[in-house]
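Letter by letter, the chains look like this.
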Amino acid sequence: MLRQLLATARRLLLPLATPKRCLSSKPNGLDKSEYSTPPEVIDYEDPEGLPVPEYPVRPDEPLATRKQRLLYQSRKRGMLENDLLLSTFVAKYLKDFDEDETALYDKLINGVSNDWDIYYWATETKPTPPEYDTDIMKLLKQHVKNTERVQRIRQPDL
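Residues numbered from 1 in each chain as written. Predicted model: local features only at pLDDT ≥ 70, side-chain atom pairs only at ≥ 80, totals over all residues. Heavy atoms only, no water.

Enquirer: Sorry, what's going on with the nonpolar core here?
Expert: A general feature of soluble globular proteins is that nonpolar side chains tend to end up buried together. Residues F89, F97, Y105, L108, I109 and L140 are the most contacted members of the largest nonpolar core, which totals 20 residues. Taken together, the elements giving at least two residues each to this core come down to α3 (80-93), α4 (99-111), α5 (115-122) and α6 (135-145). Excluding residues that lie within four positions of it along the chain, F97 makes contacts with K67, F89, T102, Y105, I136 and L139. (Core = buried A, V, L, I, M, F, W, Y, C linked by side-chain atoms within 4.5 Å. Buried < 20%, exposed > 50% of the residue type's maximum accessible area, 1.4 Å probe, protein only. Helix = DSSP H or I, 4+ residues; strand = E, 2+ residues; numbered from the N terminus. Contact = heavy atoms within 4.5 Å.)

Enquirer: Got a minute to help me understand α4 in this structure?
Expert: For the α-helix, the turn length of 3.6 residues means that residues three or four positions removed from each other point alike. Between its first and last C-alpha atoms α4 spans 17 Å; for 13 residues at 1.5 Å apiece the expected length is 18 Å, and the two agree. For α4, the complete set of buried residues consists of T102, Y105, D106, L108, I109 and N110. The buried residues of α4 occupy one face: seen down the axis, they fall within an arc of 170°. Looking at the packing, one finds that the buried side of α4 touches α2 (63-75), α3, α5 and α6. (Expected span 1.5 Å × (residues − 1). Arc of directions from axis to C-beta.)

Enquirer: Even after reading the chapter, I still don't get the layout of surface pockets, so can you show me in this structure?
Expert: One water molecule sets the probe size; rolling that probe over the atoms shows where empty space is left. Here the largest pocket defines a volume of roughly 360 Å³. Along the walls of the largest pocket sit 20 residues, with E54, Y55, N110, G111 and V112 positioned nearest its centre. Broken down by element, the lining of the largest pocket gets its largest block of residues, six residues, from α4. Tallied by class, the residues present in the lining of the largest pocket amount to eight nonpolar, three polar and nine charged. (1 Å grid on protein atoms, 1.4 Å probe; cavity = no way out; pocket = protein on both sides within 12 Å on 5 of 7 lines; lining within 4 Å. Points joined across faces, edges and corners; volume = space filled by probe spheres on them. Nonpolar A, V, L, I, M, F, W, Y, C, P; charged D, E, K, R; others polar.)

Enquirer: For this particular structure, what's the right way to read the packing of aromatic side chains?
Expert: The description of an aromatic ring pair rests on the distance of the ring centres and on the angle between the ring planes. Evaluation of the coordinates by the stated rule reveals eight aromatic pairs. Among the aromatic residues, ring-to-ring pairing joins F89, Y93, F97 and Y105 into one connected group. Positioned over the ring face of Y132 is K107, at 5.5 Å from the centre of the ring. (Phe/Tyr/Trp six-rings, centres within 6.5 Å; stacked < 30°, edge-to-face > 60°. Lys NZ or Arg CZ within 6 Å of the ring centre and 35° of its normal.)

Enquirer: I'm lost on the side chain of Q73 in this one. Help?
Expert: Mapped onto the fold, Q73 is located in helix α2. Judged by relative accessible area, which is 16%, Q73 ranks as buried. Among the polar contacts made by the side chain of Q73, one reaches the side chain of Y55 at a distance of 3.1 Å. Not counting residues within four places of it along the chain, the set of residues in contact with Q73 comprises Y55, I109 and N110. (Polar contact = N/O pair within 3.5 Å; in protein donor to acceptor, adjacent residues only side chain to side chain.)

Enquirer: Mind showing me how you'd approach α3 here?
Expert: With 14 residues, α3 should cover 20 Å at 1.5 Å per step; its first-to-last C-alpha distance of 20 Å lies within 8% of that length. With 10 of 14 residues buried, α3 is to be regarded as a mostly interior element. Listed as buried for α3 are N82, D83, L84, L85, L86, S87, T88, F89, V90 and Y93. Looking at the packing, one finds that the buried side of α3 touches α2, α4, α5 and α6.

Enquirer: Which parts of the structure should I look at to understand the pattern of salt bridges?
Expert: Side-chain pairs of opposite charge can arise where the charged atoms are in close proximity. Inspection of every chain in the model, using the stated rule, returns eight salt bridges. A salt bridge links D117 to K126; its shortest N-O distance comes to 3.3 Å. Several salt bridges converge on common partners, so that one network encompasses E61, R66, R69 and D106. (Salt bridge = Lys/Arg side-chain N within 4 Å of Asp/Glu carboxyl O.)

Written as structure tokens, this is what we have:
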């Protein structure tokens, strides 16, 4: 009895729970217009009383240790978009950074309280504030443009 009831319920309810696939009107079945970047980003300012912890400055940190920390932090941002952009950027450029450039990159990824800001600045969706508009940010923007057409679907190996 219970088996019959469950079979009937499954037969009646399963079609309602199955997602419907929309077919494109394009001849090849591809329609990317619905996936294009919106003309403007809806962004809200942080509330005034929101406590944002200060990132600790590490003035005595050796350069090799700082680069290892930045390599790790670039791979583990908490959002896949930045993980891919920053990890590939670091794999390509960090080894050649001097101490000042490394400090600028450290300030960029750790001084900003919202990772979406880094993403929007790097993709040039939002203007970069002057304090973060450095040579490192310009290099990151160039990297994001991907003029070499490199596939970046996974993080580089360590």
